[in-house]
Each structure stands twice: as structure tokens, then as C-alpha cells.
Amino acid sequence: MEVPRRPQSSFTLALPKPASSALPPLTAVEKVTNTDPVKEKLQEEEDAKRDTFKTEEDSDVSVFVEPPSELLDTNSSAVETKLSSQDSFSEDSVMSEERLAEEAAEAKKKCEEEEAAAKERAAQRQMLALEELVQSERNYHRLLQVSTVTIRSNLQKLQPPPANLDSMFLYIEDVIDVSSRLLSLLDQKKVQPGDPLYLQTLCDSFLSLSSDIEAAYKEYLANYSHVTVVENSYKQKEALWNEIVKVIKTSAPEVNATSLSFFLVMPVQRIARYPLLLQTIQKHTDRSHPAYALLEETAHTSIALNCRINEYKRFREVADKYKKTETLTIKDKINRINTHSIAKKTARLSQHFKHETGIVPKLVDEEFDALEGFFYVLEHGILELLENVETYLHHLQGFLACKTEEFDFDMDGEKAPICYKEITTALRQWILPTFEKRMRTLIHKPLCALRDLLVGPRNLIRKRLDKLLDYELIEAKSNLSYEEQAVANTYRTMNTLLLNELPQFNGLALQMIWSMLGTFSCLHKDLASDMEQLFQSFAQQLPHSSINPSAFWEWAESAVLEGAKRLETLCRSVEESLNAPFVQPLSPSSQRRLKQLTDKHGSGKIYQVMVTVVGSRDLDLNLTKGELVAIISEADSRGDKRRWLVDAGGRRGYAPSSKLIRYHTPTDDPPPSPHLTLPDGMTGVRRHSYTPESRTLTVMSQPCFQVLAAYDFTARGNHEVSIRAGEPVRVLEPHDKRGNPEWSLVEARGGQRGYVPSNYLTIMPMGAGPLGTYPPF
């Protein structure tokens, strides 16, 4: 019979003691791992093991607390085995703490190594980013030089060179200059990219050139749209475009480029790449770096620079849109009329009337009004100066056209005429043409360019007034629609653009005017110097060069007065010769030709050649002075009325109409006279045309009529004669030597002969004149 055993409850209660005794060391490990992530991870693993151990322990407790009936008979050896296992666990815990400490030290060391490696990688990436910025800047500068120098010069050698080629490279020289200055600043410091001072040098260089970079790139980017337009015009001509592509490939074989835009778009891409490169450098730069703050400022500056350039480009687009002058036909203007345009212009006109009548106050901008007034003053001055310069050049050309040195003065062997010819030849062939060329290059051409530049600001000012009227209508509104907001933005943009750039334009225009006026003065100074040198070289050869100045001026004054008198006499004689009628007596052959042409074409078609005519075209006739021709047609085959088809007595051809004059056949009819008041029952006859009325004259033994002067007439030359009213005269010819019936050749009392106006004569019966005045002729 088995002896019943007492339950071992006391053992089961004391079983958790080893576990509780192991807690203090684990708590110490926890304190260490609070500051180390690796130790925390190891502690979590240890806690998991400990939780597992507790679970097993609790399971053991539960086993021993509620043992099945069959385990109550287990002997005491099991208890001893359990106690020995608890002792071994305590030893393992101590060993685990040591191992955890070692692992924590290794983890800390590894973490420090990783941090050092990360810093090293960041430094390498920073150095690579710096090298990329500098090296890409060098390649960019080299390619711009290739496009501007090599490709451009080779394209200019094409025959003919492409049109508007220079306009594609506007402002690119400024971009190349600022890029070379940036590289030179980096090269002057002699600091390598690995040096800590290199970053500071780069930032200082970029910041010092930021304003120049902005000025160069904003003008280039604003003009870049014109580059694409010109290149597209080249592409429309296949042969020209093939030549351009060939030149590009030959000039830059190391670059696979097939268009000019491959090079010319680089500045557009480069200015937007600066912020990206600087931000990449900033990303791989430690905040503790000495130049970090400067790098951050440089990155912000590059971003702000791009924003300002984009804003300037937007301003220029608005200006280019509104400053263009469109030449529209009436049909185009009618096609543009719609309800929107009518409403807009009606609103503007209404607002303008309100301003003029004082119903609505006008927005006043004193600063802009001052700029606008000064602009219009400059415009008036530029246009007036250009007009004066053109008039000056016109008179200069007229002076050069007078080749007086080619005339023969019949004074061979005299020094004065020879010197005069030499001086005049030098003036006309060398000195004055050079002066005219410089005048056109340095003054006339810049003035024309400045006049063309006035069109843009003038149109922009006019459009600004229209937009101001639109803006005034919506200014008081609190909530603006999308279209109204666009109108307000357009006005603000135009106003800001004019306020910013109109002062610069006015200043540059005024500076150009002063410069051209100074150039004009210098040109005349040089002209006077050249002429003085020329005259001095010939003055020594003149006979009066050795006399003293007072005697020379006295002689010069007397010579000028004497020459003026001779010139006046010559002019008077020439005038008399020109005004005097001339006669062209006909030879027997000419009389036969006259009869032949009159019978064939009629007397109204007969003309006489005034000067010798030399034919210059096909079917033109060579005619001598005084030759008679008959007019067949008063225009040539093309309808040109300056060339007439004439018959020269067998020969037919063309002759200039300005060299022909109608031929009048002399007549023996009595001369016409104006009609005077006659006594009752008497009538007088007045001739009012060349062809007198046909009437039969009765020949009497004594004349019944006489010709009297109806008015006083004073002779103006040797070919005329003076007569008094009522004076009888004898009519020798009822026309002048050209056949003109308005003049009559008469003989007055005393035998003086000359011409008097035909309408100053009258025919009166004998004895009908006032008694006692003049006796009959």
C-alpha cells in the first residue's frame, strides 16, 4: 500500500524566484540600450527570449499547481533536476549581457563608420557637382564661340549671304562675355574643386556677376523668338538650308548639329540650369560648411534672376504685340469689326468724352506725363534734324554735279585758271565725296535708324492711352472677371514697361543727338582743314601770294567787284539772247520737204526740231536742229507720250516730244490789234488769233487805215521798241521769228524797229485819231 504524498505547494510558489533574481541585470541592459539603436534591437530580442522563458515558467507553475493525479507520485529527483536548470539559466544570462555589450560596441563603431562613409560620399558628390558646373560652363562657352565666330563667318561667305543673319546673333556677344568673365574669376583664384575655399570662390564670382548675367540673358531671351522666325524662313528655301547645314557640319564636326538653333538655344537652357546645379551642390553640402550660407544665397539669387528674366520677357512680348504698325486695307478693317470691338471702342470714346467735359476725373500720372512730353520733344527734334541733313546732302550733290573745271575758259597759260581747275577737281573728286560719305555713314544713317526706333514707343504710348480708358472703367469694381483682370494686367504691364524703359530710351536718344551734332561739327572741321591744306598748296603759285594781307584783300575786293560787273553784263546779254525771237531760214531742200510733208499730212502736223537729236533706242531717228518733220502719232507703241512717231520725209521713227516745236508758216495778213473806241459809224478790227479772218482788201491809191499804238509800251531789251499810246507805227511782220502771233515786228518814228505786243496795236481810219497828237506815219 502506497503512502500518500503531500502536495508541494511551497515549491511551486518559490519557483519564480530565479526569474525575479534575473530581472536586475536585464534592467541594466535596458538602461544601456536606451541610447543605442543597436542595443535596443538586441534588448528586444532578449525580452522576447525572456517572455518565452516566462511563458514556459508559467506553464511549469501551472503544471505543478494543478498536477494530474498520475504526477503526484513523481520522486524528488525531478525537483533536483529542475533546480539545476535554474542555476544554468542564471549563468547564461550573465553571458548574454556581456555579449550584448560587445555587440553594442560593434554596432556603435559600425554606425560611426557609416556616418563617416556618408560624409565622404556627400563630399564626393559635392565635388562632382562643382566640377559639373564648371566643366559644363567651359563646354558651353566653347560651343558659343564656335557658333559665333566660326559658323557665322563661314555663313557670311556664302554667295549671296543669308538675309538677316546678323539679327540671329544679337546680344550673344554679351552672353559669351559674361560667361568668359565667370570662368576667368574662377581661374584667377587658382583654387581646385577639392579645396574647401573653392565653393566660396564660386559663389562670390556668381554673385558679383549676377547683375551682368541678368542684363545679358534677358535681352538675348527676349530676342530668341526672332531667331526661330529667321531660321524658319531659311528652311523654306531648300537649297539655302542645305548649304547652311553643310556649313554647320563642316565648321563643328565634333558636334552632331544640323541647325543653328542647336547652338543658339544653349543660353536659354543654360540660364535655367544654374539654379538646378546650385541646388544640387547645396543638397550635398553639410550645413556646418563655412560657405553653406553663401551657397544658399547664391541659389536663391539664381532663382530670383530667372524670375526677373521671365518677367522681362513677358513685358517684351506685350510691347512687341502693341508696338507693331499694321498696314490694313479698308477691307481688313471692316473684317475686324464685330460686336466686341464696337462695344470696346464705344466705351473708350464715351470715357474720353467724359474726361474732356469734366464729368469723370482723369487718372493723372505726373511721372509718365513728363516722360511722354520729353519723348515727343525728342521726336520732333530728331525728325527736323533728319530733314535738315537730307536737304544739306541734296544741295551738296547739286554742287558736285556742277563740273565747272571741265569748261574751257580760253585762258590757257594763266596760273589762276589752272590753279582753279586743280582745286575744283580735287574738291569734287576726293575731298567732298569723302565728306559726303562720312556724312551719310556717321549722321544720316544713324538718324534714319533712330527715326525708325521712334515708331515702337509712339505706338506703345498710344496703346497705353487706350488701355488706360479700359482700366478706368473697371478700376472701381471689387470683383473682376477673367477678361477684366486680363485688361487690368495688360495696362499695368504696359505702364510699368514704359516707366522703366522710356527714360532709358529718352536718355539714349538725347545722347545720340548730341553725339551726332558733335560729329557734324568735327566733320566740318576736318573739311575746313583739308580745304585749307589744299588751297595752301596752290596759293604759293598765284601771282598775288607774296603781297601783304591788307593789299591782298584790297585787290581781292576790287577783283570781285569787277568780276561781278562783267558777270552782270554777261547775264543781261544772255537773257536778251534767250528772250529774242529767232528765225530758222529754210533751204530749198527744206522748202521742198515742207511742201511734201504738208501735202501728205497737213499743215497742222508740221513740227520743227529745236536741238540736235541723237537716237538712243531702236527705231529712234537722228535729227538735226531746224529739220522739219510731220507727226504721225503722239505716243509710241507702249503708250509713252514722251516719244512721238514722226515722218522725216521718207524716214519714219521716234523722236522726243520735248525737242519738237510746232512750225508756223509766215503770212502777209495785216496784224491784229485790240479794239479801241471809234467814232460813230466807224468800226475797228482786232486780231485775236494767229489765223486772221479772211477778207478782201481794196487797194487804193492812198491808204484809208493806219496802225496806232493803243497803250504805252516800254521796251525791256534791245529786241523790243518803246511806243506811246496813239503813236502810228508800221507793221513789218505780224508775228515773231518763231511764228508766234502774240508779238509783231514794227517800225516806230525815227526808224527804230523792234517787237511790241500785238494786242497793244489797233487799226484806225486815217484821221480818226485825236487831233494834234501825232501826224500820220
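Quick note: structure is the one above.
Counting from 1, residues in each chain are numbered in the order their sequence is written. Note on the predicted model: pLDDT of at least 70 is required for a residue's local features to be given, and 80 or more for side-chain atom pairs to be given and counted; whole-chain, interface and lining totals, by contrast, use all residues. In computing side-chain values, all of the structure's heavy atoms are included and hydrogens and water are not.

Caption draft 1: Structural context of helix α15 (residues 339–357). A rise of 1.5 Å per residue sets the reference length of α15, with its 19 residues, at 27 Å; its end C-alpha atoms lie 27 Å apart and thus fit the reference within 8%. Only protein chains enter the accessibility calculation, which uses a 1.4 Å probe; a residue whose area is less than 20% of its type maximum is buried, one above 50% is exposed, and one in between is partly exposed. Secondary structure elements follow DSSP: runs of H or I of four or more residues count as helices, runs of E of two or more count as strands, with numbering from the N terminus. Regarding α15, the residues found buried are S341, R348, Q351 and H355. Viewed along the axis of α15, the buried residues span an arc of 100 degrees, placing them on a single side of the element. Turned more than 90 degrees away from the buried face of α15, the exposed residues are T339 and T357. Contact between two residues is taken to exist if any of their heavy atoms lie within 4.5 Å; hydrogens are not considered. Buried residues belonging to α15 abut α18 (455–474). The first or second residue beyond α15 is G358, which carries a positive phi of 85 degrees. How far a helix is expected to stretch is found by multiplying one less than its residue total by 1.5 Å. Each direction from the helix axis to a C-beta atom contributes to the arc, which is the arc of those directions.

Caption draft 2: Region of interest: a nonpolar patch on the surface. On the surface, a cluster of nonpolar side chains totalling about 420 Å² of accessible area is made up of I330, I334, I337 and I342. Note that I337 resides in the loop between α14 (330–335) and α15. Residues qualify for a patch when their relative accessible area is over 30% and they have no salt bridge, like charges being joined within 9 Å and the nonpolar side chains of Val, Leu, Ile, Met, Phe, Trp and Tyr within 5 Å. With residues, only the protein chains shown are counted as cover, and all accessible areas are computed by Shrake-Rupley using a 1.4 Å probe. Here a salt bridge means any side-chain nitrogen of Lys or Arg lying within 4 Å of a carboxyl oxygen belonging to Asp or Glu.

Caption draft 3: Broad picture of the pattern of salt bridges. A complete count under the given rule lists 28 salt bridges for this structure. Note that R181 is salt-bridged to D212, the shortest N-O span being 2.6 Å. Here R181 is found in helix α7 (residues 172–189), whereas its partner D212 is found in helix α9 (residues 210–235), with 31 residues between them in sequence. By relative accessible area, D212 is classed as partly exposed at 28%. E747 is the partner of R753 in a salt bridge, and the nearest nitrogen-oxygen pair spans 3.6 Å. A relative accessible area of 53% places R753 in the exposed class. A cluster of three or more residues bridged by salt bridges with shared partners is formed by R152, D166 and E173.

Caption draft 4: How the structure looks around the environment of L621. Position of L621 relative to the elements: it lies in the loop between β1 (606–609) and β2 (628–633). Sequence-wise, L621 and P656 are 35 residues apart; in three dimensions their C-alpha atoms are separated by 9.6 Å. If we skip the residues at most four places from it in the chain, L621 touches V613, V614, G615, V646, A648, R651, R652, G653 and Y654.

Caption draft 5: Local environment of the packing of α18 against helix α19 (residues 482–539). To define axes, lines are fitted to C-alpha atoms, for helices over the stretch in contact only, and angles between the resulting N-to-C directions are given on a 0 to 180 degree scale. Relative orientation of the contacting elements α18 and α19 amounts to 145 degrees, with a least axis distance of 9 Å. In this structure, α18 meets α19 at a crossing whose hand is left-handed. Contacts between α18 and α19 involve P457, L460, I461, K463, R464, K467, L468, D470, Y471 and I474 on the former and, on the latter, E484, V487, A488, T490, Y491, R492, M494, N495, L497, L498, L502 and F505. By residue class, the composition of the contact of α18 with α19 is 14 nonpolar, two polar and six charged. Two helices crossing with the near one rotated counterclockwise from the far one by less than a right angle form a left-handed crossing, whereas a clockwise rotation gives a right-handed crossing. Side-chain classes follow a simple rule in which Ala, Val, Leu, Ile, Met, Phe, Trp, Tyr, Cys and Pro form the nonpolar group, Asp, Glu, Lys and Arg form the charged group, and the remainder, Gly included, forms the polar group.

Caption draft 6: Geometry of the sheet that holds strand β4 (residues 652–656). Pairing within the open sheet is antiparallel, and its five strands lie in the order β4-β3-β2-β1-β5. Edge positions in the open sheet fall to β4 and β5 (660–662), since each of these has one partner strand only. This sheet shows a mean twist of 50 degrees between the axes of neighbouring strands, independent of strand direction. Paired strands are those between which DSSP finds at least two bridges. Judged from the three bridges that link them, β1 and β5 form a sheet pairing that is antiparallel. What sits directly across from Y607, in β5, is R662. Running at roughly 20 degrees to β2, helix α21 (residues 588–601) makes contact with β1, β2, β3 (643–647) and β4 of the sheet.

That is the geometry; function is a separate question.
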